[in-house]
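A closer look at the structure
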Amino acid sequence: MDVHGTVAEGFEPVREAFVRNFETLGERGAAVTVYRDGQRVVDLWAGTKDVDGGTEGEADRDGTAPWQRGTAQVVRSATKGVAAAVPLLLHQYGELDLDAPVGHYWPEFKARGKEGVLVRHLLNHRAGLPLLDRPLTPREALDPLRGAEAVAAQAPVWEPGTDHGYHALTYGWLLDELVRRVSGRGAGEWIAERIAAPLGLDFWLGLPDAEAGRVGRVGPVEGPEPSGALRARPKRSVTEAYDDPASVTRRAFAAIDPFPDHNDPEFRAVPHPAANGIATADGLARFYASLIGQVDGVRLFDPATVARARAEESAGPDRVLVVGTRFGLGYMLHGGASPFLAPGSFGHPGRGGSLGFADPETGITFGYVTNGFRRTVTADPRAQALVRAVRSVVLG
C-alpha cells in the first residue's frame, strides 16, 4: 500500500496502524489527521477515491482514481459534532438559552405534549423524539422544512427529559430548525460563514457544486472475520433491536425510508445536520482543534463552552442504540460504546467508520474519513486501531 503524507517524530505508530488497516481490515480509501496543540502532527492518506466506481459521465468510472490530499467524503453522523457547535456558540454569544423550552423559539414545536422539551434535551438526546410515526420519503427529506414540520408534529416516545436515546436522524431537523429560528439561517449556512470560512475548513453541510469533484463515492465494504481483540459479537438484544421493524431502534434509523443514496448529488447538496456533512480528515481534526485551542489565531469555544460540551448529560442504557452511551451537549463522550482517546475526550463517530474528537487534557484532536462503509455505528475497528496508536504515543 502506497501511503502518502507525513507524521511528526514520535507518531510513527499511527502510520503503521494506518497501513495495517489496508492490509488486514479491508480499507479501500481513507485519510487520518491528528493535531496537537493546534499543530498538525499526522496527515496521511491512501487508497482509491471511489470504493465502488463512478457512474456514467464521471471521470473515474472504474473506481481507480487515487485518493489525494484534500479528498473529502460523506461522514454521516460525525456531522453531528460539527453541527452541535452552532447552538453552543449561539449560547456562548448570548443568543440562545440552553434551559429555555424549544417552543420559546419555535412555537409550532409545542404540539402534542412537547411544551417541556428544553433546548438542552435536543442536544443530549433526551427529547424523546428519535423517530417519526410516518417516515419521510427520500424526496421529502430533500426539503429541510419538511423535516422540521414532521418533528414538530410528532409526539414524544418517552417523557422528555426522563431518559435518553440516540436521535439518529431527527437530530438534524431539530437542530437545523432551532438554529434557523434563533439566527435566521439554517445550520449549513451558519457553519459555512461562521466556522468553515474563518478556519479554512474542508467541511460542507450542503455541498456546493464547485466542490463536487473533490468528493469520492462511498459504498459498503466487508472486513475480515473478527478475531482476538475484535472477536466480540453484538449482544442478542442489540441484534434483535436492529432486526425488528417495530423497535424504536429500527424506526429511529428509518426516519427517512428508504434512506437516500449518499452518492446522490441532490442529497449531498441539501444540509442535514445529522447525517450528510462532507469533510476531509483534516477538516474534522482542524475543527476540533479550534474548539479547545487556537488554530492559526482562531478559537471557537471559550473554556466554559468546552466544559459544557463535555459535561455528562446522559449516561446508561440507550433506548435506541441498546447499549450504554454517554452524551454531553451535542457530543458523545468517551466510553465503551464509543472509545476516544481518554476519559475527558468528546466528539462524534459516523456510522460506517468516520470519527472526529478532541481531548483537551492532551491537546490532541483527531479526524478520520473513509469511503468504505462497514456495519458499525459507534466504534469502527479501523478508526479504533488508529485511536489506539495515538494513545500509545501520547499516553504510553
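For clarity, every value in this text was computed on a predicted model and none was experimentally measured.

Our focus in this paragraph is the packing of aromatic side chains. Throughout the structure, instances matching the rule amount to 13 aromatic pairs. Chaining the aromatic ring pairs together yields one cluster made of Tyr 166, Tyr 242, Phe 253 and Phe 327. Across the ring face of Phe 109, the terminal group of Lys 114 is positioned such that the distance to the ring centre comes to 5.1 Å. Against the face of Phe 253 rests Arg 351, its NZ or CZ located 4.5 Å from the ring centre.

Every other side chain in a regular strand lies on the same face of the sheet, so the side chains alternate between the two faces. Here strand E11 (residues 346-349) shows no split at all, with Phe 346 and His 348 on one side and Gly 347 and Pro 349 on the other all buried. Two strands pair when backbone bridges link them, and strand E10 (residues 332-333) and E11 are joined in this way by two bridges, in the antiparallel orientation. The residue of E11 that forms the bridge with Met 332 is Gly 347. Pairing geometry for E11 and strand E12 (residues 355-359), over four bridges, is antiparallel. In the sheet register, His 348 faces E12, and the bridge partner there is Gly 356. Counting the residues in the hairpin turn of E11 and E12 gives five residues, including Gly 352, whose phi is positive at 105°.

This paragraph deals with helix H13 (residues 281-292). The end-to-end C-alpha distance of H13, which contains 12 residues, comes to 18 Å, matching closely the 16 Å that a straight helix rising 1.5 Å per residue would cover. Burial analysis of H13 places 12 of its 12 residues in the buried class, the great majority of the element. Of all the residues in H13, the buried ones are Ala 281, Asp 282, Gly 283, Leu 284, Ala 285, Arg 286, Phe 287, Tyr 288, Ala 289, Ser 290, Leu 291 and Ile 292.

Our next topic: the packing of helix H7 (residues 144-153) against helix H8 (residues 170-183). Here H7 crosses H8 at 100°, and the two axes come no closer than 9 Å. Viewed along their axes, H7 and H8 adopt a mutual orientation that is roughly perpendicular. For the pair H7 and H8, contact is made by Pro 144, Leu 145, Gly 147, Ala 148 and Val 151 and by Thr 170, Trp 173, Leu 174, Asp 176, Glu 177 and Arg 180, respectively. Across the contact of H7 with H8, the residue classes tally to six nonpolar, two polar and three charged.

Another point: the confidence of the model for the protein. Per-residue confidence for the protein gives a mean pLDDT of 93; residues scoring 70 or more make up 94%. Within the model, the stretch residues 226-232 combines pLDDT values under 50 with four contacts to residues more than four positions away or in other chains.

This next bit is on the packing of helix H1 (residues 12-24) against helix H15 (residues 381-394). With their axes 8 Å apart at the nearest point, H1 and H15 run at an angle of 165° to one another. Here H15 runs roughly antiparallel to H1, going by the angle between their axes. Considering the relative orientation of H1 and H15, their crossing is right-handed. Contact with H1, carried on its side by Pro 13, Val 14, Ala 17, Phe 18 and Asn 21, involves Arg 382, Ala 385, Leu 386, Ala 389, Val 390, Ser 392 and Val 393 of H15 and no other residues of that element.

Here we take up empty space enclosed by the protein. For the coordinates displayed, the defined rule picks out two cavities of 30 Å³ or more. In terms of lining residues, the largest cavity is bounded by 14 residues, among which Asp 43, Arg 69, Gly 70, Thr 280 and Asp 282 are the most central. Elements with a minimum of two residues in the lining of the largest cavity: strand E2 (29-36), strand E3 (39-47) and H13. The greatest single-element share of the lining of the largest cavity, amounting to three residues, is contributed by E3. Estimated volume of the second largest cavity: approximately 40 Å³. Its residues assigned to classes, the lining of the second largest cavity shows five nonpolar, seven polar and one charged.

Ile 195, Phe 287, Leu 291, Phe 301, Tyr 331 and Phe 346 are the most contacted members of the largest nonpolar core, which has 74 residues in total. Per-element accounting of this core gives the leading share, eight residues, to H13. Setting aside anything within four residues of it in sequence, one finds Tyr 331 in contact with Gly 81, Ala 84, Ala 85, Leu 88, Phe 287, Tyr 288, Leu 291, Phe 301, Ala 309, Arg 326, Phe 346 and Gly 347. By size, the runner-up hydrophobic cluster in this structure holds 36 residues, among which are Val 32, Val 41, Val 42 and Leu 386.

Counted by the stated rule, this structure contains 21 salt bridges. Residue Arg 181 is joined to Glu 108 by a salt bridge in which the shortest nitrogen-to-oxygen separation is 2.9 Å. Of this pair, Arg 181 sits in helix H8 while Glu 108 sits in the loop between helix H4 (102-105) and helix H5 (119-123), and the two are 73 residues apart along the sequence. Asp 202 is the partner of Arg 214 in a salt bridge, and the nearest nitrogen-oxygen pair spans 3.1 Å.

Moving on, we come to the sheet that holds strand E5 (residues 203-204). Pairing between sheet strands relies on hydrogen bonds along the backbone, with the strands arranged either parallel or antiparallel. The strand order E4-E7-E5 describes an open sheet built from three strands, whose pairing is antiparallel. The open sheet has two edge strands, strand E4 (73-74) and E5, and neither has a second partner. Here two bridges tie E4 to strand E7 (residues 278-279), and the two strands are oriented antiparallel to one another. Residue pairing for E7: Gln 73 is matched across the bridge by Ala 279.

Another aspect to go through is unusual backbone geometry. The omega torsion of the bond from Asp 257 to Pro 258 falls at -5°, within 30 degrees of zero and hence cis. Within the secondary structure layout, Pro 258 lies in the loop between helix H11 (248-253) and helix H12 (265-269). One non-glycine residue with positive phi stands out, namely His 125, at about 65°. Of note, the phi angle at Asp 296 is positive, near 50°, even though the residue is not glycine. By the element assignment, Asp 296 lies in the loop between H13 and helix H14 (303-310). With relative accessibility at 66%, the residue Asp 296 sits in the exposed group.

The rules we used
Residues numbered from 1 in each chain as written. Predicted model: local features only at pLDDT ≥ 70, side-chain atom pairs only at ≥ 80, totals over all residues. Heavy atoms only, no water. Phe/Tyr/Trp six-rings, centres within 6.5 Å; stacked < 30°, edge-to-face > 60°. Lys NZ or Arg CZ within 6 Å of the ring centre and 35° of its normal. Buried < 20%, exposed > 50% of the residue type's maximum accessible area, 1.4 Å probe, protein only. Helix = DSSP H or I, 4+ residues; strand = E, 2+ residues; numbered from the N terminus. Pairing = 2+ DSSP bridges. Expected span 1.5 Å × (residues − 1). Axes fitted to C-alpha atoms, helices over the stretch in contact; angles between N-to-C directions. Parallel < 35°, antiparallel > 145°, perpendicular 65-115°, else oblique. Contact = heavy atoms within 4.5 Å. Nonpolar A, V, L, I, M, F, W, Y, C, P; charged D, E, K, R; others polar. pLDDT = per-residue confidence, 0-100. Left-handed = near helix turned anticlockwise from the far one by under 90°. 1 Å grid on protein atoms, 1.4 Å probe; cavity = no way out; pocket = protein on both sides within 12 Å on 5 of 7 lines; lining within 4 Å. Points joined across faces, edges and corners; volume = space filled by probe spheres on them. Core = buried A, V, L, I, M, F, W, Y, C linked by side-chain atoms within 4.5 Å. Salt bridge = Lys/Arg side-chain N within 4 Å of Asp/Glu carboxyl O.

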